[in-house]
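Now for the letters of each chain:
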Amino acid sequence: MSPRRKLLQKVQRAAEKRLLFLPHAVKQMSRPERMITVSEVRSVVSKGQIIEDYPEDPRGHSCLMLGKGMGKRTVHVVCSPKADYLAIIAAYLPTIDEWDEGFSKRRTS
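Since we're looking at a predicted model, the values are computed, not measured.

Reading the values: rules and limits
- Along every chain, residues carry numbers that run from 1 in the direction the sequence is written.
- Note on the predicted model: pLDDT of at least 70 is required for a residue's local features to be given, and 80 or more for side-chain atom pairs to be given and counted; whole-chain, interface and lining totals, by contrast, use all residues.
- Hydrogens and water molecules were not included; the side-chain quantities draw on all heavy atoms of the structure.
- Only runs of H or I of at least four residues qualify as helices and only runs of E of at least two qualify as strands under DSSP, and these elements are numbered from the N terminus.
- Every radius of gyration here is taken over C-alpha atoms, with the globule rule written as 2.2 Å times N^0.38, N being the number of residues.
- Buried, partly exposed and exposed residues are distinguished by accessible area as a fraction of the type maximum, computed with a 1.4 Å probe on protein chains only: under 20%, between the cut-offs, and over 50%, respectively.
- Here, two residues are considered to be in contact whenever any of their heavy atoms come within 4.5 Å of each other.
- Residues grouped as a nonpolar core are buried Ala, Val, Leu, Ile, Met, Phe, Trp, Tyr and Cys residues, joined through side-chain atoms within 4.5 Å.

(A) Spotlight on the overall build of the chain. Each helix and strand in the chain was counted, giving three helices and five strands. When the elements of the chain are put in sequence order from the N terminus, they spell out α-β-α-α-β-β-β-β. Scaling as 2.2 N^0.38, a compact globule of 109 residues should have a C-alpha radius of gyration of about 13 Å, and the chain matches this with 13 Å. For the chain, the spread of C-alpha atoms along the three principal axes comes to 35 × 30 × 25 Å. Taken across its 109 residues, the chain has 41% of its residues classed as buried.

See below:
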């Protein structure tokens, strides 16, 4: 099994236990132009894909996930699996200025 697949399983197992939204994520999610819901985040972590892996993150091994929210809008979620919960570090709507058409690869300047 690939390392990314193992990480995805850890993320999904942690999410089944509990989601813990860190203050930064709540602030990002509640911006009027975003209004990302808890159910959208749940959908991304349960059905989405890992597009970036951050094994050296000071908050613990984390990753960036890509998935779909309400109305099939694209949502990115940065999360870190812990023993008893999944920490939601950030959640935002990616823009075409920074990401490719599929929102899975960063644009290079």
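(B) A look at the side chain of Asp 57. Inspection of the secondary structure puts Asp 57 in the loop between strand E2 (49–54) and strand E3 (62–68). Once you skip the residues sitting within four places of it in the chain, Asp 57 turns out to touch Ser 62 and Ile 89.

(C) Quick peek at the nonpolar core. Among the nonpolar cores identified, the biggest contains 21 residues, and Val 11, Val 45, Met 65, Val 77, Cys 79, Leu 86 and Ile 88 are the most heavily contacted of them. Once residues lying within four places of it in the same chain are set aside, the contact partners of Leu 86 are Val 11, Ala 14, Ala 15, Arg 18, Leu 19, Leu 20, Val 45, Cys 79, Ser 80 and Pro 81. Formed by nine residues, the second largest nonpolar core is a distinct cluster that contains Leu 64, Leu 66, Ile 89 and Ala 90.

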